[in-house]
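# Commentary on secondary and tertiary structure
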Amino acid sequence: MNMIEKYYENYDEDSRLVKDNSHRIEFLSTVHVLDDKIKANSKILEVGAGTGRYSFYYLNKGNKVTAVDILQKNVDIMMEKSKKIVSDDIEIKLGDALDLSQFSSNIFDVVLCLGPLYHLANLDDRIKCIDECLRVLKPGGILAVAYINRYAQYVIHIGRDKENINDKYLRNISELGVESKCEKNKNCFYFSTYEEMEKTMINFNVEKLKHVGTDGIVHMMRNNINDLDENEFDKWLDYHFMTYDNASLIGYSLHNLYVCKKI
């Protein structure tokens, strides 16, 4: 069992984006950005689909969706979900974001890559992943790439326990993007930055459409956000959507989203 399988074996990924107000914001922000860019009847590929939260959302909005994940556990969960839906427009496959050779070039209107970069510590692998996503995307198509921010990770853990200020692995994340310089089994996650993502994506033949912090500062005030009623939560969302693409604030958002168009 590799690092990623081991991590997700006992993690409830299926409820992560909906279990409380603070977690809902990431999902609501992502679809807020994408909904006006993804037209009905689009052919969508979600790479690293997890348990299909976004795949089934866009299927229900009238699109044809192919959901791919590297973990058999997640594929099985999506297959079970698909049995409850009367639709021929969902296809679920086991696959690796670094090798999308099971798909021809230039065939999808939209490619969602909302998880794979979380686990690719090597720059060459991140470039290969984005290259593959763009290869299968039609010219003019939309690519959405999510990543985790290293600066937010540092602040969040200090907020949870002040003793974490002495954690060498947390210090490594803020400086290097990984927990350890030499212990490969520690580096299940890769933490990027706003600047790094901008510099990476400028090397591809794409037009930047949006770069946002999908959960903002919510993880620093989780209890406050979770205590909001629906009316209060809507007001927080209004503020969040007003500020989530402000470059001076994005670095403190744990999850970020870069959206572009293939030229």
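For the structure itself, consult the block above.
Computed from a predicted model, the values in this text were never measured in an experiment.

## Quick word on the overall build of the protein chain
Along the protein chain, the regular secondary structure elements total ten helices and eight strands. A principal-axis box enclosing the C-alpha atoms of the protein chain has dimensions of 50 × 50 × 35 Å. Burial status across the protein chain gives 49% buried among its 263 residues. Once local pairs closer than 6 in sequence are excluded, the contacts in the protein chain between residues at least 24 apart make up 74%. Of the roughly 13,000 Å² that the protein chain leaves accessible, carbon and sulfur atoms contribute 49%. The positive charge centre, built from 34 side chains, and the negative charge centre, built from 41, are 2 Å apart in the protein chain.

## So, the pairing of strand β2 (residues 64-69)
Of all the six residues making up β2, five are buried; the element is thus mostly covered by neighbouring parts of the structure. Between the parallel elements strand β1 (residues 43-47) and β2, the chain passes through helix α3 (residues 53-60) in a crossover that is right-handed. Where β2 and strand β3 (residues 90-94) come together, five bridges link them in parallel fashion. In the sheet register, T66 faces β3, and the bridge partner there is E91. What joins β2 to β3 is helix α4 (residues 72-82), and the crossover it makes is right-handed.

## Description of helix α5 (residues 123-136)
Between its first and last C-alpha atoms α5 spans 20 Å; for 14 residues at 1.5 Å apiece the expected length is 20 Å, and the two agree. Buried residues of α5: R126, C129, I130, E132, C133, L134 and V136, and no others. Of the surrounding elements, those touching the buried residues of α5 are β1, β4 (108-113), β5 (137-149), α8 (194-201), β7 (206-213) and β8 (255-262). In this structure N122 caps α5, since a side-chain oxygen of it lies 2.8 Å from the backbone nitrogen of D124.

## A short note on the packing of helix α2 (residues 21-34) against helix α10 (residues 230-243)
Put simply, α2 and α10 touch, their axes get as near as 11 Å, and they point 50 degrees apart. It follows that α2 is oblique to α10 by the angle criterion. For the pair α2 and α10, the crossing hand works out as right-handed. In this structure, α2 contributes N21, R24, I25, L28, S29 and H32 to the contact, and α10 contributes E230, F233, W236, L237, H240 and F241. The residue inventory of the contact of α2 with α10, partitioned by class, reads six nonpolar, four polar and two charged.

## Some details on a nonpolar patch on the surface
A contiguous nonpolar patch, built from Y151, I217, M220 and Y252 and spanning about 370 Å² of accessible area, is present on the exposed surface. Counting through the fold element by element, Y151 comes out in helix α6 (residues 150-160). Accessibility expressed as a relative area gives 39% for Y151, which makes it partly exposed.

## Brief notes about the environment of E195
Checked against the element boundaries, E195 lands in helix α8. A relative accessible area of 45% means that E195 is categorised as partly exposed. Note: C-alpha distance between E195 and A247 (52 residues apart in sequence) is 9.5 Å.

Cut-off values and rules
- Position numbers for residues start from 1 in each chain and track the written sequence from start to end.
- In view of the model being predicted, local features appear only for residues whose pLDDT reaches at least 70, and side-chain atom pairs are presented and counted only at 80 or more, with totals across whole chains, interfaces and linings using the full set of residues.
- The basis for every side-chain value is the complete set of heavy atoms in the structure, and neither hydrogens nor water enter the calculation.
- Only DSSP runs of H or I covering at least 4 residues are called helices, and only runs of E covering at least 2 are called strands; the numbering of each starts at the N terminus.
- Buried, partly exposed and exposed residues are distinguished by accessible area as a fraction of the type maximum, computed with a 1.4 Å probe on protein chains only: under 20%, between the cut-offs, and over 50%, respectively.
- Residue contacts are defined here by distance: any two heavy atoms, one from each residue, within 4.5 Å place the two residues in contact.
- Every accessible area reported is derived by Shrake-Rupley at a probe size of 1.4 Å, with residue values counting cover from the shown protein chains alone.
- Asp and Glu are treated as the negative residues and Lys and Arg as the positive ones, with His and the ends of the chain left uncounted.
- Taken as the charge location is NZ of Lys, CZ of Arg, CG of Asp or CD of Glu.
- Orienting the strands away from the viewer, one traces the path from the first strand over the helix to the second; a clockwise path indicates a right-handed crossover.
- At least two bridges found by DSSP between two strands is the condition for calling them paired.
- Here the expected length of a helix is defined as 1.5 Å per residue gap, with one fewer gap than residues.
- For the purposes of these results, a polar contact is taken to be a pair of N or O atoms within 3.5 Å, where, inside protein, one atom must be able to donate a hydrogen and its partner to accept one; residues adjacent in sequence count only when each atom of the pair is a side-chain atom.
- Here, axes are lines fitted to C-alpha atoms. For helices the fit covers the stretch in contact, and angles between N-to-C directions go from 0 to 180 degrees.
- Orientation labels follow simple angle bins: below 35 degrees gives roughly parallel, above 145 gives roughly antiparallel, 65 to 115 gives roughly perpendicular, and whatever is left gives oblique.
- Working rule for handedness: look at the near helix, and if it is turned counterclockwise from the far one by less than a right angle, call the crossing left-handed; if clockwise, right-handed.
- Lys, Arg, Asp and Glu make up the charged group, whereas Ala, Val, Leu, Ile, Met, Phe, Trp, Tyr, Cys and Pro make up the nonpolar group; the residues left over, Gly among them, are polar.
- Like-charged residues within 9 Å of one another, or nonpolar side chains (Val, Leu, Ile, Met, Phe, Trp, Tyr) within 5 Å, are grouped into patches, provided each residue has over 30% relative accessible area and no salt bridge.
- By definition, a salt bridge exists where a carboxyl oxygen of Asp or Glu is found within 4 Å of a side-chain nitrogen of Lys or Arg.

Read these as geometric descriptors, not functional statements.
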